[in-house]
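# Structure at a glance
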Amino acid sequence: MKRRTLLTGAAATLAATPLARPHAQKPVTIRWWYHFDDPKATPDELVAAFEKENPGIRIEPENIPWGGGGDYDNRLYTSIIANNAPDAAMVKFNNLARLMEMDALAPLDKWIDAWPGKRDITDDLWRLHTAPDGKRYYMPLQYVVLYLYVRLDLLAKQNLKVPTNFDEFLTAAKALTGGEQWGFGMRGGSGGHDSWMPFAFGTGAKPVKGGFVSPAALAQNRFFIDLHRVHKVTPPSAPTDAFLQIVNNLKAGRVAMTVHHISTANTMVETFGDAITAVPVPRGPNGSGFATFGDGSTCVFSASRNPEAAWKWISWLSTGPNNVLYNKAAGQMTVTTSGAANWTLHPKRFVDATVQSLPIAGVLPNLPQTADFTRVVWPQNTQKALLGQIQPDDMMQAFEKLFFG
Amino acid sequence: MLAPALAAAAILVLLPVIDTLWLSLHDVILYRPRVRPFIGLGNYTRALADPVFWESLTNSLVWVICAVSLQFTLGFATALLLNRNFAWRGIARALVVVPWALPSVIIGLIWTWMLDFNLGVLNNIGVLLGILPHSVPWLAQSSTAMAGVILAVVWQGFPFFAVTLLAGLQAIPGELYEAASIDGAGAWGKFRHITLPGLAGVIATALLLRMIWVANSLDLILVMTGGGPGTATQTLPLHAFLTAWSGGNYGQGSALAVLLTLLLLGVVVSYVWRNRAE
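Basis of the calculations
Residues numbered from 1 in each chain as written. Chains lettered and ligands numbered in written order. Predicted model: local features only at pLDDT ≥ 70, side-chain atom pairs only at ≥ 80, totals over all residues. Pairing = 2+ DSSP bridges. Helix = DSSP H or I, 4+ residues; strand = E, 2+ residues; numbered from the N terminus. Axes fitted to C-alpha atoms, helices over the stretch in contact; angles between N-to-C directions. Contact = placed C-beta atoms within 7 Å. Core = buried A, V, L, I, M, F, W, Y, C linked by C-beta atoms within 7 Å. Buried ≥ 20, exposed ≤ 12 C-beta atoms within 10 Å, placed from the backbone. Nonpolar A, V, L, I, M, F, W, Y, C, P; charged D, E, K, R; others polar. Parallel < 35°, antiparallel > 145°, perpendicular 65-115°, else oblique. Left-handed = near helix turned anticlockwise from the far one by under 90°. pLDDT = per-residue confidence, 0-100.

Residues and elements named next belong to chain A. Taking strand neighbours across the sheet as the criterion, the four strands line up as β6-β7-β5-β8 in an open arrangement whose pairing is mixed. Where the open sheet ends on each side, the last strands, each with one partner, are β6 (182-185) and β8 (276-280). Neighbour-to-neighbour, the strand axes of the sheet open up by a mean angle of 20 degrees, direction not taken into account. As judged from the three bridges shared by β6 and strand β7 (residues 255-260), these two strands associate in the parallel manner. Bridge pairing links Phe184 to Met257 in β7. This element, helix α12 (residues 243-251), spans β5 (147-151), β6 and β7 of the sheet and lies at about 140 degrees to β7. Sheet strands in contact with helix α13 (residues 265-272) are β5 and β8, and its direction is about 140 degrees off that of β8.

Rendered as structure tokens:
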């Protein structure tokens with residue numbers, strides 16, 4: 001009896017020593033991949049604050065080159081195939097379907113439902129973050145909704161009001177075109193699909209099976225292409241203009257309106273002060289509209305050895321003040337209602353235009369072809385249509401075929 | 001004695017080639033790592049049935065022929081100039097190598113902004129001098145985009161010919177020119193009967209090498225136009241890259257790479273044959 005007691009006591013003592021429980025002392029390391037548009041921005045402050053609150057978890061952030069999204073995504077896929085994926089990463093909707101097909105994502109529903117911060121994120125955002133199979137693999141982290149920048153001073157000179165529908169938009173674009181100034185800064189180059197979608201799906205068509213070739217989408221796409229080909233309210237370089245061109249043209253006064261999002265609001269205000277504003281993208285005659293949702297989310301990978309700790313980190317990033325701090329570095333909008341209420345990073349009118357656009361916010365189909373659509377199929381076909389090499393309807397047929405066969 | 005070299009060649013060249021051939025016979029999608037069925041020549045028939053392949057092939061021919069011939073002409077002229085005696089010749093010889101020493105991505109960005117419709121310095125100068133009535137969207141029109149990227153690659157590549165041919169020129173004995181002068185040969189006669197024959201070997205090797213490099217290169221086009229507008233500047237290697245990298249279709253991308261290699265085989269064989277003959 002004495003001997004057994006002694007042995008039990010010794011075993012208990014041994015079990016309590018650091019040797020027997022090395023994890024008690026050694027913190028769990030979470031590898032986290034991210035990318036910020038601003039190369040000077042770092043997550044160091046966030047990481048330090050999290051590690052202070054959670055001494056058992058160490059975050060190892062890795063800044064991955066973006067390369068238009070393609071570099072980041074392909075590094076992610078290859079790391080998963082090589083069994084060297086991070087525990088958690090920043091991700092975008094356009095690679096959700098591919099990551100699901102690889103069984104690379106851990107479902108977050110159980111954790112989200114038990115998470116105290118859930119109610120601080122709007123239902124619109126949770127709706128957009130629900131995967132086609134009804135589960136949630138992505139955690140909202142940052143977002144933008146594309147809106148319309150408008151030069152109020154130029155509109156006032158023409159006695160025009162801010163356009164709210166496509167007819168008013170065309171009227172304004174025509175009136176604001178002349179000499180070396182164009183009414184609309186169209187983005188036909190890289191990333192242009194985001195500013196095309198509000199036009200193509202603005203009168204009720206949806207980016208679902210059959211939606212690309214529905215009469216409403218075809219008509220609206222013709223309207224979009226005709227802005228360049230027929231009405232010539234866009235710069236001649238529009239077929240290849242990308243982010244830098246549309247932003248610089250607006251800042252240089254060469255275009256009067258363009259579609260972008262809140263990440264450029266401050267630079268616009270620096271240039272124009274109160275003479276520039278943002279409004280939700282034009283709507284159709286029946287009040288329908290489509291505002292492109294630009295997500296920035298986080299996920300936990302199914303191969304993570306420490307999924308609970310990874311979840312702790314990504315949920316911490318999406319919590320009230322932490323998310324505000326994060327988005328100060330990312331330059332985008334906080335996903336939390338509490339953070340948005342006291343948001344000071346951007347002037348209020350741009351925040352309002354973003355939040356007002358949420359009810360009509362939508363995304364491309366969550367399919368494996370989406371990444372190829374955004375990088376290759378959309379620019380190639382749209383540029384051909386803008387240059388008159390194919391008809392606008394042909395490009396929509398090509399999109400429908402890519403997505404739905 | 002040859003074993004280490006053969007082993008290195010096998011690891012660095014043969015294995016990737018065999019792997020690419022093997023991939024091209026399978027349906028390899030990056031995001032479907034567990035499924036890669038053998039489909040025989042399926043990727044090849046699909047590639048050849050795609051009109052984009054033929055567009056890319058045509059663009060490749062235009063790209064290689066125009067770029068290499070213009071690089072050669074400009075490089076040869078520069079080499080002849082640098083072979084003469086003039087003040088600051090050493091500095092001129094050093095400066096001419098600068099475009100060759102710059103990374104392609106930097107050159108692509110420089111030329112993209114120089115040709116830019118809104119802010120480009122070439123449009124600005126053209127309009128100021130009255131050469132252009134208004135700015136031209138060089139890279140946004142299918143009629144001028146290829147010329148724009150060729151201009152950039154000519155600027156990047158002419159120093160290769162200049163330096164190579166200059167070395168060849170310096171190897172031609174000066175006595176030959178002196179003897180020709182005594183015999184009454186003019187400048188054209190000396191160029192035709194001494195310079196050109198003396199450089200023939202160097203020219204052939206340089207042309208073959210440069211053709212292979214230009215035919216394979218895609219970085220400059222990728223940075224400047226991404227193959228656009230539409231597919232106006234999409235060459236075969238860029239088509240293969242986009243298929244594999246953006247589409248995640250490594251099987252089809254490998255098939256396109258193999259087809260490009262087969263097309264280049266004629267040039268490669270000529271190069272190897274020349275080396276063996278020498």
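As a further point, take the nonpolar core. Core analysis: the biggest nonpolar cluster contains 164 residues, and Ala88, Ala291, Cys299 and Trp313 of chain A together with Val149 of chain B have the highest contact counts within it. Among the elements that make up this core, the one with the highest residue count is helix α8 (residues 142-170) of chain B (13 residues).

Facing the 21 residues of chain B at the interface are 28 residues of chain A. Broken down by class, the residue content of the side of chain B that touches chain A amounts to 11 nonpolar, nine polar and one charged.

This paragraph deals with the environment of Thr334 of chain A. Residues and elements named next belong to chain A. Here Thr334 is to be found in strand β10 (residues 333-334). Along the chain, Thr334 and Ala173 lie 161 residues apart, while their C-alpha atoms are 32 Å from each other. Beyond its immediate chain neighbours, meaning those up to four positions away, Thr334 contacts Asn323, Val324, Asn327, Gly339, Ala340 and Trp343.

This next bit is on the packing of helix α1 (residues 3-24) of chain B against helix α13 (residues 250-277) of chain B. All names here are of chain B. At a minimum axis separation of 7 Å, α1 and α13 run at an interaxial angle of 120 degrees. Here α13 runs oblique to α1, going by the angle between their axes. With respect to the hand of their crossing, α1 and α13 are arranged in left-handed fashion. In contact with Thr20, Leu21, Leu23 and Ser24 of α1, α13 contributes Tyr250, Gly251, Ser254, Ala255, Ala257 and Val258. Split into classes, the residues belonging to the contact of α1 with α13 amount to six nonpolar, four polar and no charged.

So, on to helix α14 (residues 307-317) of chain A. Burial runs high along α14 of chain A: eight of the 11 residues are buried. What α14 of chain A keeps buried is the set Ala309, Ala310, Trp311, Lys312, Trp313, Ile314, Ser315 and Leu317 of chain A.

With that settled, consider the confidence of the model for chain A. Atom-level detail of predicted coordinates should not be read off regions where pLDDT is low. When pLDDT is averaged along chain A, the result is 90, and 94% of the positions lie at 70 or above. Across residues 9-23 of chain A, confidence stays below pLDDT 50; counting only partners more than four residues off in sequence or on other chains, it has four contacts.

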